[in-house]
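Below, each chain spelled out in residue letters.
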Amino acid sequence: MILVTLGYLTACVVAPFGRCRTCHATGRARSRLARARRDCRRCAGTGLRLRVGRHVINHLHDEYDASKR
């Protein structure tokens, strides 16, 4: 279990962005009311999202920086 967690956190450091699950990395999503396409709200049209593990790493880094002040 620890090995899997460390492997995931290493992957988050090496590749912090993953494919957006909402638009399937296209950057465009269907509107529910109209049949038109618009930019995906989750990824802001980039097709990428920040991984959960990277959010954790960023939070820990910010807390560490705040503790040094």
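This text follows the structure it describes.
Draft legend 1. Looking closely at the overall build of the protein. Per the secondary structure count, the protein includes two helices and four strands. Taking 69 residues into account, the globule formula puts the C-alpha radius of gyration at 11 Å, and the protein, at 16 Å, lies well above it. Dimensions along the principal axes, computed over C-alpha positions, put the protein at roughly 50 × 30 × 15 Å. Every one of the 69 residues in the protein was classed for burial, and the buried ones make up 16%. The contacts of the protein with a sequence gap of at least 6 include a subset with a gap of at least 24, amounting to 49%. On the protein, roughly 5800 Å² of surface is accessible, and the fraction owed to carbon and sulfur atoms is 59%. Of note, the protein has its 15 positive side-chain charges centred 17 Å away from the centre of its 4 negative side-chain charges.

Draft legend 2. Quick look at the pattern of salt bridges. Taken as a whole and judged by the stated rule, the model has two salt bridges. Among the salt bridges present, the one from Arg-28 reaches Asp-39, with a minimum N-O distance of 2.8 Å. One end of the pair, Arg-28, is in strand β2 (residues 28-30); the other, Asp-39, is in strand β3 (residues 37-39), with eleven residues separating them in the sequence. According to the relative accessible area criterion, Arg-28 is partly exposed, its value standing at 36%.

Here is what the cut-offs are and how they apply
- Residues numbered from 1 in each chain as written.
- Predicted model: local features only at pLDDT ≥ 70, side-chain atom pairs only at ≥ 80, totals over all residues.
- Heavy atoms only, no water.
- Helix = DSSP H or I, 4+ residues; strand = E, 2+ residues; numbered from the N terminus.
- Rg over C-alpha atoms; globule rule 2.2 N^0.38 Å.
- Buried < 20%, exposed > 50% of the residue type's maximum accessible area, 1.4 Å probe, protein only.
- Contact = heavy atoms within 4.5 Å.
- Areas by Shrake-Rupley, 256 points an atom, 1.4 Å probe, with all protein chains shown as cover.
- Lys, Arg positive; Asp, Glu negative; His and termini not counted.
- Charge placed at Lys NZ, Arg CZ, Asp CG, Glu CD.
- Salt bridge = Lys/Arg side-chain N within 4 Å of Asp/Glu carboxyl O.

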